[in-house]
Protein chains: 2
Amino acid sequence: MSQLSTPVRAHRFLPGWVTHYPRQHLLSDVLAGIVTCVLVLPQNLAYALLAGLPPQAGLLVSIFPVIAYALWGSSMTQAVGPVAITAIVTFSVLSPLATPFTPEYITLAATLALFSGLLVWAFGALKLGFLSDLLSRPVISGFISGSAVLIVMSQLKVLLGIEVHGMDSWQLFLATLRGTPHWQPATTVIGVSALLALLFFRHVLGALLRRFGLAASRADFVVRLMPLVAVVVATVAVVALDLDAQHGVAVVGAINGGMSGFRFFVPQTGSLGLLTIPTLIVAFIGTVQNIGMAQALAVRRRERIDANQELIGLGVSNVVAAFYGGMPVGGGISRTAVNVSAGAQTPLSSVVAALSMLVILVLGTAGFTRLPLSVLAASIMVAAVSMVDLAALRRAWAYDRADAFALLGTATGVIVIGLQWGIALGIGLSLATLLYRASQPHIAVMGRIVGTEHFRNVERHGVETIHGVLFFRVDESFFFGNLRSIEARLSYEIQHFDSIHDVVLVMSAVNRVDMTALEALTEIADDLHKRNIRLHLAEVKGPVQDRMAKTPFWKSLNGRIYLSCNDAFELLRQNRA
Amino acid sequence: MSQLSTPVRAHRFLPGWVTHYPRQHLLSDVLAGIVTCVLVLPQNLAYALLAGLPPQAGLLVSIFPVIAYALWGSSMTQAVGPVAITAIVTFSVLSPLATPFTPEYITLAATLALFSGLLVWAFGALKLGFLSDLLSRPVISGFISGSAVLIVMSQLKVLLGIEVHGMDSWQLFLATLRGTPHWQPATTVIGVSALLALLFFRHVLGALLRRFGLAASRADFVVRLMPLVAVVVATVAVVALDLDAQHGVAVVGAINGGMSGFRFFVPQTGSLGLLTIPTLIVAFIGTVQNIGMAQALAVRRRERIDANQELIGLGVSNVVAAFYGGMPVGGGISRTAVNVSAGAQTPLSSVVAALSMLVILVLGTAGFTRLPLSVLAASIMVAAVSMVDLAALRRAWAYDRADAFALLGTATGVIVIGLQWGIALGIGLSLATLLYRASQPHIAVMGRIVGTEHFRNVERHGVETIHGVLFFRVDESFFFGNLRSIEARLSYEIQHFDSIHDVVLVMSAVNRVDMTALEALTEIADDLHKRNIRLHLAEVKGPVQDRMAKTPFWKSLNGRIYLSCNDAFELLRQNRA
């Protein structure tokens, strides 16, 4: 698709939005950037914790990786940064290798960002963006819903202030359930209150405000502002009542801000082996999510994205993230929504948001020190709940059971056997569904509608046929997976109809014939030849004919090649007469 | 396909060939059975050694598993027993777990036969025979050729009498190469002479005999007899010159014959975990090979096979093999060829061959004791060389490069990274090729050939069009993998043609629309709607329409559904006028 898209990158080094910046958007971009920076602050902290990293990692990777994406990405409004899916995937792949929040784990996360960034960049540079088509939407939807359940499971312990340890999501969750008697009252009160408040803000407040006459866009803004308000209120409560010191409420703690987080680290070669599979997973999931979202956004804004350029942007962004913050980043649904609804028109908005974050970090982050973690857990859980897409399951169930099972299978796989195997299962289900469907082609025996040149299924229409001549149409390309069905059906029809002496294979729906199919066709032709049945072809498509005309099959064919079914019908009837 | 096939199993417990045995075939079946038993004797010993098992295993599994297959299988002439592919696969999956020829290894092999037999039986009972369609012919061909190279590599040490040890095929082969200075003169002379003689018999003798006026069928029989002659001559040479005792030529040794090999063993539960992957591999490869061969035979003999019944036969056969002989068995190309050319008409021939083998075992196997192993190695190598199918590569290369690469990739994978990963790579390549092709559909913008009702590609034919109306045909089902291409091309055409206000999506080649595609179509329709472009459908197939008619997409469509392109053309032209 890249060769067809309008060139986004007119300049050799700088993207079009920099060299030809539309001045009229300047004010709205700057305002949108500042608003976005502030509104996504709690998210940044929360997703870092979800990934098993210190909260400041989320703030740090909201700076230079964002600028990198603005320069190399292809979407005008997508906001990159810490996102829920990438965070839970990071946690899932790294927590078996090291204990979260330890220096060892943090180094692994940075190395993972570097490796997966390089890999995603390579996908883009090698124009492998089509790899993301390995997953169907029901599978992606199942993956996201399953991940959301894992996220909720993982945050319960933080919400209730339970101290547990474990290697993987299920161990942690079961330990949390066993630990519920030890919940911390103060933490739980703050966390559950925040949870209820956030659910109220998200699901009730907007409608309420609109009912009281507020414009939809303003109501929307207020709703988006409220999580920040909740964070501020909770922090003030901790400070006022000294909840952290007196009642053991876990808080964010001192943030190592400013430029001090920059590291010129050399990844250990040992990590390469350890991180091979995690890198592949993070890169693949990042690819799928980012392309999918960028595409959805582009459709909405009548723009074209270049999938491969998008990957280059995401890749560079992650490589940069490795050196400052050390957390894999991605394109986020909610942060992009904030950016768009704040009025962003070009990636300048993201650059402004990044610079605002840098200013906040330099001015000081003392305000976050006593922010209770349970409030962040509540915000993660609310975001996760909204990721569960039951409507997609209902739609798939109504339209196509195979797709619905693929969705359910992937979601169940992610929850039960883990994210890594869940995504593998999803790919398997996508391909199995595709293969299974293509292996059961629709096949029709055809006849001519009397008085016309139209040919239709003999079972559905009153048609004329020629005795001893079988018009056989397969509504699918011939490939290794469906030959068995085709051969079986052809045998059956030849036995079923009396004394067949001519078979016309109607190839109007055959877009390709692979090597396996060509050999099988050759065998079928030989077999029919021995039985004194002639095999004719009709309505062969140009590209199919070009390819087959060079093969022994074509030369050894004992029948003819007809342009249309009608030509075949007329000539075979004359022969007969 | 099973519901379409003629019923092979009329009786509830006994197959049709038993209850309605055609008497006129009795003599030819009995003779064919005896001949087959004798001619395949060297093979049976050789493939047991190839599998890393004592030679008698190959004789023992030629009895009851063969009878089991005759009763439960669906092919009339396929001969089951020790085969090269199954043997090398057994060696490949088990040699990393235990040292070949040790009691531990022998028990593992029997357990593997049991488990894979049960699994294959389950495939058949659950009607999962279509799983074998996961592999295209080029991939199967590549797998067999690659395996043949591995077989030759593995037998070199036996041919030259070099003692080496190692875990996998490559270690053994490299050790063999390093060990060449220590080749045993007597063994090497016998082995290499046998190798040259067998190559001569196979590739020259037949043509020579026919040139001297022998009938083709007799020449063929002589050629098939010669390996046995070579074995006898070599054994006589060993006995006459006392080569085993005096010159260290390795020989078969005493064979534990008769009924003593029967074991009622209880597989250890620990083996289940250890053998999970080996079982899957052996079952899958057995399935693919057996179905493929049974089908090829059935085509040649104008019979139908029931793929699932075939799997049940193979499964039961392996379960029986586990208890007497303890070696996985399969349908063999060369042993089936022997059976067919000896005149077999029904599975009675196999039953006679099995009983003949039992008689040989009971009467005594002293004759094999001093048979030199290097002669068996030579016969394995000659069989392996004939499995390398360069012609398939040439054909694929000429017809379709993607298939040729799949073949080469699988063969290289098998040789370099091992059988297990090679077959996984093959499946991956099969599916990747399929997906890649389907993701690049042929798309045409169409117009009407003046004065007709025929619509053709505007780029290939002089056609009339309506200004502002785009006839857009996609020659592929809509599915998750090709939406990106379709959307991109549609966008391009809308931009390319001036002021489009109507798009007619011609769906004559669309056999299915999956959930992902349906959602994408809905988005495309919404998008076009916002741009004041109407989206019409034409030539929608019945099954596709039935399914889509229930969805919101159908209801929200702002255009019409036309039966034919011509209807759409006429009506849209009138609207325009």
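Calculation rules
Residues numbered from 1 in each chain as written. Chains lettered and ligands numbered in written order. Predicted model: local features only at pLDDT ≥ 70, side-chain atom pairs only at ≥ 80, totals over all residues. Helix = DSSP H or I, 4+ residues; strand = E, 2+ residues; numbered from the N terminus. Buried ≥ 20, exposed ≤ 12 C-beta atoms within 10 Å, placed from the backbone. Contact = placed C-beta atoms within 7 Å. Nonpolar A, V, L, I, M, F, W, Y, C, P; charged D, E, K, R; others polar. Core = buried A, V, L, I, M, F, W, Y, C linked by C-beta atoms within 7 Å. Least-squares fit on C-alpha atoms with pLDDT ≥ 70 in both. Domains from an automatic or database assignment. Axes fitted to C-alpha atoms, helices over the stretch in contact; angles between N-to-C directions. Parallel < 35°, antiparallel > 145°, perpendicular 65-115°, else oblique. Left-handed = near helix turned anticlockwise from the far one by under 90°. Pairing = 2+ DSSP bridges. Expected span 1.5 Å × (residues − 1). pLDDT = per-residue confidence, 0-100.

## Observations concerning the overall build of chain A
For step 1, the next point in the chain: Scanning chain A from N- to C-terminus turns up 26 helices and nine strands.
For step 2, the next point in the chain: Along the longest, intermediate and shortest principal axes, the C-alpha atoms of chain A span 105 × 60 × 60 Å.
For step 3, the next point in the chain: Looking at chain A residue by residue over its 577 residues, the buried ones come to 53%.

## Remarks on the interface of chain B and chain A
For step 1, the next point in the chain: The interface of chain B with chain A comprises 44 residues on the first partner and 44 residues on the second.
For step 2, the next point in the chain: Contributing elements (two or more residues each) for the side of chain B that touches chain A: helix 8 (137-160), helix 19 (390-399), helix 21 (419-438), helix 22 (483-496), helix 23 (515-530) and helix 24 (542-548) of chain B.
For step 3, the next point in the chain: Of the residues contributing to the side of chain B that touches chain A, the split by class is 17 nonpolar, ten polar and 17 charged.

## Description of the nonpolar core
For step 1, the next point in the chain: Counting residues in each nonpolar core, the largest one holds 361 residues, and the members touching the most others are A:L50 and B:L50.
For step 2, the next point in the chain: Ignoring anything within four residues of it in the chain, the contact list for A:L50 reads A:A84, A:A87, A:I88, A:F91, A:I151, A:S154 and A:I380.

## Some words on the relation of the copies chain B and chain A
For step 1, the next point in the chain: Of the transformation superimposing chain B on chain A, the axial component is 0.0 Å and the angular component is 180°, with the fit at an RMSD of 0.1 Å. Classification of the inter-copy transformation places it as that of a two-fold axis. Ranked by how close their C-alpha atoms come to the rotation axis, the residues of chain B are headed by B:A509, at 2.6 Å.

## Section: the domain arrangement of chain A
For step 1, the next point in the chain: By domain assignment, chain A separates into domain 1 (25-258 + 270-433) and domain 2 (443-576).
For step 2, the next point in the chain: Just the C-alpha atoms count here: the centres of domain 1 of chain A and domain 2 of chain A sit 55 Å apart.

## Details of the packing of helix 20 (residues 401-417) of chain A against helix 21 (residues 419-438) of chain A
Residue and element names in this part refer to chain A.
For step 1, the next point in the chain: For the pair helix 20 and helix 21, interaxial distance at closest approach is 7 Å and the crossing angle is 165°. Between helix 20 and helix 21, the interaxial angle falls into the category roughly antiparallel. In this structure, helix 20 meets helix 21 at a crossing whose hand is right-handed. Listed contacts from helix 21 to A402, A406, G409, T410, G413, V414 and I417 of helix 20 are L419, W421, G422, L425, G426, L429, S430 and T433.
For step 2, the next point in the chain: Looking at side-chain class alone, the contact of helix 20 with helix 21 contains eight nonpolar, seven polar and no charged residues.

## Considerations on the pairing of strand 3 (residues 443-449) of chain A
All names here are of chain A.
For step 1, the next point in the chain: Where strand 3 and strand 6 (residues 469-474) come together, four bridges link them in antiparallel fashion. Note that in strand 6 the partner of V445 across the bridge is F472.
For step 2, the next point in the chain: Across three bridges, strand 3 lies against strand 4 (residues 455-457) in antiparallel orientation. Its bridge partner being in strand 4, M446 is matched across the sheet by N457.

## Some words on helix 21 of chain A
For step 1, the next point in the chain: In this model helix 21 of chain A runs 28 Å from its N-terminal to its C-terminal C-alpha over 20 residues, within 8% of the 28 Å that 1.5 Å per residue would give.
For step 2, the next point in the chain: Of all the residues in helix 21 of chain A, the buried ones are A:L419, A:G422, A:I423, A:L425, A:G426, A:L429, A:S430, A:L431, A:T433, A:L434, A:L435 and A:A438.

## Quick word on helix 23 of chain B
For step 1, the next point in the chain: Taking 1.5 Å per residue, 16 residues should reach 22 Å; helix 23 of chain B reaches 23 Å between its end C-alpha atoms and fits that length.
For step 2, the next point in the chain: Those residues of helix 23 of chain B that fall on the buried side of the exposure criterion are B:M515, B:T516, B:A517, B:L518, B:E519, B:A520, B:L521, B:I524, B:A525 and B:L528.

## Things to note about the confidence of the model for chain A
Residue and element names in this part refer to chain A.
For step 1, the next point in the chain: Across chain A, the average pLDDT comes to 85, with 93% of residues at 70 or higher.
For step 2, the next point in the chain: Low pLDDT, under 50, characterises residues 1-11; the predicted model gives this stretch 25 contacts beyond four residues in sequence or across chains.
For step 3, the next point in the chain: The ipTM, which scores confidence in the relative placement of chains, is 0.74 for this predicted complex, and the corresponding pTM is 0.74.

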